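An overview of the molecular structure
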Amino acid sequence: MSKDTGQTRKKKALRYEKGELIIKQGDYGISIYKIVSGEVKIFRTFNGVEVPLANLGRGNIIGEMAFLNKDADVRSASARALEDTELEVFHPRELIDKYAQTSVALKIIIDQSLSRLLRINRFMDQLAVKKREEMSHPKGKEDSWSSTREFYRKEVDIVCQYKPAHSVKVSSALLTGRIKDISMSGIGLEVSPGNETATGHEVGDSFHIDAVLPNGQELNVTAEIVSVKKQPGKIRLGMQFKELPDYYGAKKTLGFFLMPT
Amino acid sequence: MHPALHSYIVEETTYSDGEVIIEEGSRGSWIYVILEGSAKVKKRTPKGMITIDILREGEVFGEMVFLEGGKSPRSASIIAAEGQVRVGLLDTQRLIDDYEAVPSELKTLIASLMLKLRNTTSKVCSIIVAK
């Protein structure tokens, strides 16, 4: 503690090795870091896509956004050491009171700047996702799914029946699953591992799916598996609609169902 | 608008559609607040002007130069959008006095926020232009 500068807060030195995570997006925390040496990458993760925001170096500050943000004390982005990095960290306990004493007009202006930055960062998310979609190849289908599914996706829990559409050889017995989320582009389908005995669930496999939406409308669609996530006791399939033939009225049915109420 | 901000307004001006309120790269220290209407935040790029944000009633603009210490040029242009926009000019000296009262540690944090805003804005522009 150095009295002469009037600082009573404790600063702590921290060292991070190359590749180590310093701050994780979504975590609680208002500690503030100053980079003493090294380089730090600031990035957001949105729908599995990493969105780089900035590379910061010596003298730069990280973590001040969560401190200045009166609406949230979670980290809006992650920070990772790009090389061995030395940081000075402090908890802004005393600064909270000092900030409270700042002129209201000034705080309004700072709040607005902060919201603008958060807004631009979210816009960067959208741009990164778009770029990923444009770059997606057959192998990238999974990414395309995971990146588009957030839009207009509705969380649901609808029992559905499904059967393989990709091969005539496979038993066409109806299987049961649960639609956990739904959008205009696809669904998240949860199935029991027991269903594996009747049919495989591989990326690229197509299924006919029949369900009744909570609004009473019937939904008949064909969808292709783009991602498979095995969890204890269940398999979560990311599925993309192959087509939503209008003569089935599927598009209309879904459109109405997904409309914000 | 917050009454605290309202008391800082020293003058009102009206701009018509398309009129430039602040020009990117110019020097100036006025800080404004939108009283009525909206304004576009635009940046020059090799592919022409692009709109990066739209400001609405109650939003302050022109504050970056001041919060960065008053030395930098205007980082973007502000252009009146959709009909008339009525803006209030804020008492810059009073805001400077407020800012001077802020402890230096807090100033450092505010400056850091502004730096990020400036850099991210440039970055978003370069991504849009690269497309």
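Residues numbered from 1 in each chain as written. Chains lettered and ligands numbered in written order. Predicted model: local features only at pLDDT ≥ 70, side-chain atom pairs only at ≥ 80, totals over all residues.

**Remarks on the overall build of chain B**
This is how the line gets drawn: A run of H or I in DSSP counts as a helix once it spans at least four residues, and a run of E counts as a strand once it spans at least two, with each numbered from the N terminus. Exposed residues have 12 or fewer other C-beta atoms within 10 Å of their own C-beta, buried residues have 20 or more, and partly exposed residues fall in between, where C-beta atoms are placed from the backbone. Note on contacts: residues are paired as contacts if their backbone-placed C-beta atoms lie within 7 Å.
Each helix and strand in chain B was counted, giving four helices and six strands. Reading the secondary structure of chain B in the N-to-C direction produces α-β-β-β-β-β-α-β-α-α. Taking all 131 residues of chain B together, 34% fall into the buried category. Relative to all contacts within chain B whose residues are 6 or more apart in sequence, the contacts with residues 24 or more apart total 80%.

**Describing the interface of chain B and chain A**
Selection criterion: Residues are sorted three ways: Asp, Glu, Lys and Arg are charged, Ala, Val, Leu, Ile, Met, Phe, Trp, Tyr, Cys and Pro are nonpolar, and all the rest, Gly among them, are polar.
Between chain B and chain A, the residue contacts involve 28 residues of the former and 29 residues of the latter. Counting residues per element, the side of chain B that touches chain A draws most heavily on helix α4 (residues 104-130) of chain B, which supplies 15 residues. Looking at the side of chain B that touches chain A, its residues break down into 16 nonpolar, six polar and six charged.

**A word on the nonpolar core**
Test applied: The nonpolar core is taken to be a set of buried Ala, Val, Leu, Ile, Met, Phe, Trp, Tyr and Cys residues joined by way of C-beta atoms within 7 Å.
Counting residues in hydrophobic clusters, the biggest one holds 67 residues, and the most contacted among them are B:A39 and B:L113. No other element matches helix α3 (residues 104-135) of chain A, which puts 10 residues into this core. Each residue touching B:L113, except ones within four places of it in the same chain, is listed here: A:E64, A:M65, A:L68, A:S113, A:L114 and A:L117. Judged by nonpolar contacts, the second largest core, of 20 residues, contains A:L175, A:I182, A:V226 and A:M239.

**Quick word on the pairing of strand β9 (residues 154-164) of chain A**
Residues and elements named next belong to chain A. Our working rule: Pairing between two strands is assigned when DSSP locates at least 2 bridges connecting them.
Strand direction decides the pairing type here: β9 and strand β10 (residues 175-182), joined by seven bridges, are antiparallel. Along β10, the bridge assignment pairs I158 with I179. Pairing of β9 with strand β12 (residues 206-212) involves five bridges; the strand directions are antiparallel. Bridge pairing in β12 links K163 to H208.

**What about the sheet that holds strand β1 (residues 12-16) of chain A?**
Adjacent strands of a sheet pair through backbone hydrogen bonds, lying either parallel or antiparallel. All names here are of chain A. Spatially, four strands are ordered β1-β8-β3-β6 in an open sheet, and the strand pairing comes out antiparallel. One side of each edge strand has no neighbouring strand; the edge strands of this open sheet are β1 and β6 (61-62). Summarising the sheet, strand β3 (residues 32-37) and strand β8 (residues 85-90) pair through five bridges and their orientation is antiparallel. Across the sheet, I35 pairs through a bridge with L87, a residue of β8.

**Quick notes on the sheet that holds strand β5 (residues 49-56) of chain A**
All names here are of chain A. Convention followed: Throughout, an axis means a line fitted to C-alpha atoms (over the contacting stretch in the case of helices), and angles, computed between N-to-C directions, take values from 0 to 180 degrees.
Read from one edge of the open sheet, four strands run β2-β7-β4-β5, paired in antiparallel fashion. Every interior strand has two partners, whereas the edge strands, β2 (21-23) and β5, have only one. Neighbour-to-neighbour, the strand axes of this sheet turn through a mean angle of 35 degrees, independent of strand direction. Strands β4 (40-46) and β5 of the sheet are contacted by α3, whose axis makes an angle of about 125 degrees with β5.

**What to know about the confidence of the model for chain B**
Applied cut-off: Within a predicted model, pLDDT stands for the predictor's per-residue confidence, ranging from 0 to 100.
On average, residues of chain B score 91 in pLDDT, and 99% of them are at 70 or above. Overall fold confidence (pTM) sits at 0.65, and the ipTM for the predicted complex is 0.93.

**Things to note about unusual backbone geometry**
Not every positive phi belongs to a glycine, and A:N47 is a case in point at roughly 55 degrees. Turning to its location among the elements, A:N47 is positioned in the loop between β4 and β5. In this model, B:E82 sits at a positive phi of 45 degrees, which is unusual for a non-glycine residue. Along the chain, B:E82 turns up in strand β6 (residues 77-90).

**Here's the deal with the pairing of β6(B)**
Residues and elements named next belong to chain B. In the sheet, strand β1 (residues 9-15) pairs with β6 via six bridges, with the strands oriented antiparallel. Bridge pairing in β6 links E12 to G88. The pairing of strand β2 (residues 20-22) with β6 spans two bridges and is classified as antiparallel. Its bridge partner lying in β6, I22 is registered against I78. Here nine bridges tie strand β3 (residues 32-45) to β6, and the two strands are oriented antiparallel to one another. Within β6, the position partnered with V41 by the bridge is I78.

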